[in-house]
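Descriptive structure summary
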Amino acid sequence: MTDAGTTTYETIVVEERERTLWVGMNRPEVLNATNQTMLDELHDAFTRLDEDPGLGVGVLYGIGRAFSAGGDMHAMMALNEQSGHVWNNKMRRFCMQLRNCGKPTIAMVRGWCIGGGNEFQLYCDLVVASENAVFGQSGARVGALPVVGATQYLPLLMGDRRAREMLFLAKRYPAAEAKQVGLINEVVPDDQLESTTEEWCATINGHAPLTLRYLKTNLNFLGDLHYPSWIHGSELLNTVWNREQSTEGMSAFLESREPDYTRFDR
């Protein structure tokens, strides 16, 4: 990794520009679905943001037409009790690094922001979205379990009823509605997305860095009380991997058909 300019990993692109670290998820062929390599590389990038005194803010975005469509279905279907435990820990480790980084972070969202992708934006401090962005959780539909952020933060941001609506109904929220219910900060035309984000970064970089770090720490207090829920949620999620219902849900997604859960006990 170089100290400045652009650094390319296998699944992300990292660029340092005007005291800002731009981190792009770079698997556009699968709508930036995450795998274990991406989780490791994202953790590495935001560790750099936290530790480099020359950086003041970080931006997480997706390359192509999506922020992130969530976890890679092929990768998740291959998980078992042991490998699922490793996956869950990598997911939580990155999200904790994103949240606990001593610099503000911004999610710059265009297109799909679904499942684990939506959980990533929940861990960022600010969210600016293109008019074409769509937010949602698909766990109930595909037999996964969104307990590494969604069950904890959606009620705090959207309110309990809206959160249950997104989770139980797998309802998707277009950007304008997501802003209206408090899920995100701002919606702009797609051609203004990057320039607006740059303006936010410049403003943040003009503020006192120690004050920003202390502000972030104190603002996180209420959400940090959910830490036991993240740990328990990871173990709950581990019971889902490679079960009949998750296999049916994820297979249906990959086959572009409706899942059939009618044969399972209620």
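First, a word on what this report is: a plain description of the structure on this page. (Residues numbered from 1 in each chain as written. Predicted model: local features only at pLDDT ≥ 70, side-chain atom pairs only at ≥ 80, totals over all residues. Heavy atoms only, no water.)

Description of the sheet that holds strand E7 (residues 112–114)
Ordered in space as E5-E7-E9-E10, the 4 strands form an open sheet in which the pairing is mixed. The outermost strands of the open sheet, each flanked by one partner alone, are strand E5 (66–68) and strand E10 (173–174). Relative to E7, E5 is paired through 2 bridges, and the arrangement is parallel. Across the sheet, the residue bridging to Ser68 is Cys113, located in E7. (Pairing = 2+ DSSP bridges. Helix = DSSP H or I, 4+ residues; strand = E, 2+ residues; numbered from the N terminus.)

Quick word on unusual backbone geometry
With a phi angle near 55°, Glu18 is a residue other than glycine that sits in the positive phi range. Locating Glu18 in the fold gives a position in the loop between strand E2 (12–17) and strand E3 (20–25). Positioned with a positive phi, Ser256 is a non-glycine residue whose angle comes to about 55°. For Ser256, a relative accessible area of 71% gives the class exposed. (Buried < 20%, exposed > 50% of the residue type's maximum accessible area, 1.4 Å probe, protein only.)

Brief notes about the side chain of Gln137
Mapped onto the fold, Gln137 is located in the loop between strand E9 (134–136) and helix H5 (139–142). Note on Gln137: relative accessible area 3%, which makes it buried. Engagement of the side chain of Gln137 in a polar contact is seen with the backbone oxygen of Gly115, the distance being 3.4 Å. Only 2.9 Å separates the side chain of Gln137 from the side chain of Asn118, close enough to count as a polar contact. Discounting chain neighbours no more than four positions away, the residues touching Gln137 are Gly115, Asn118, Glu119, Pro146, Ala150, Leu154, Met166, Leu167 and Ala170. (Polar contact = N/O pair within 3.5 Å; in protein donor to acceptor, adjacent residues only side chain to side chain. Contact = heavy atoms within 4.5 Å.)

Observations regarding the pattern of salt bridges
Once the charged atoms of two side chains with opposite charge are near each other, the side chains can pair. All told, the structure shown has 19 salt bridges when counted by the stated rule. It is possible to trace a salt-bridge network through shared partners that takes in Glu15, Arg17, Glu194 and Glu198. (Salt bridge = Lys/Arg side-chain N within 4 Å of Asp/Glu carboxyl O.)

A short note on the pairing of strand E8 (residues 126–130)
Burial analysis of E8 places 4 of its 5 residues in the buried class, the great majority of the element. The pairing of strand E6 (residues 105–109) with E8 spans 4 bridges and is parallel. Counterpart to Ile106 in the pairing with E8 is Leu126. Sheet topology note: the E8/strand E11 (residues 186–188) ladder contains 3 bridges and is parallel. If you follow Val128 over to E11, its bridge partner there is Glu186.

Some points on the nonpolar core
Membership of the largest hydrophobic core comes to 56 residues, with the highest contact counts inside it found for Leu60, Phe120, Phe135 and Leu183. Among the nonpolar cores identified, the runner-up in size contains 12 residues, and Val57, Val59, Tyr61 and Cys201 belong to it. (Core = buried A, V, L, I, M, F, W, Y, C linked by side-chain atoms within 4.5 Å.)

Here we look at the environment of Gly24
Structurally, the position occupied by Gly24 is in strand E3. A C-alpha to C-alpha distance of 9.6 Å links Gly24 and Met108, two positions 84 residues apart in sequence. Beyond its immediate chain neighbours, meaning those up to four positions away, Gly24 contacts Thr11, Ile12, Val13, Tyr61 and Ile63.

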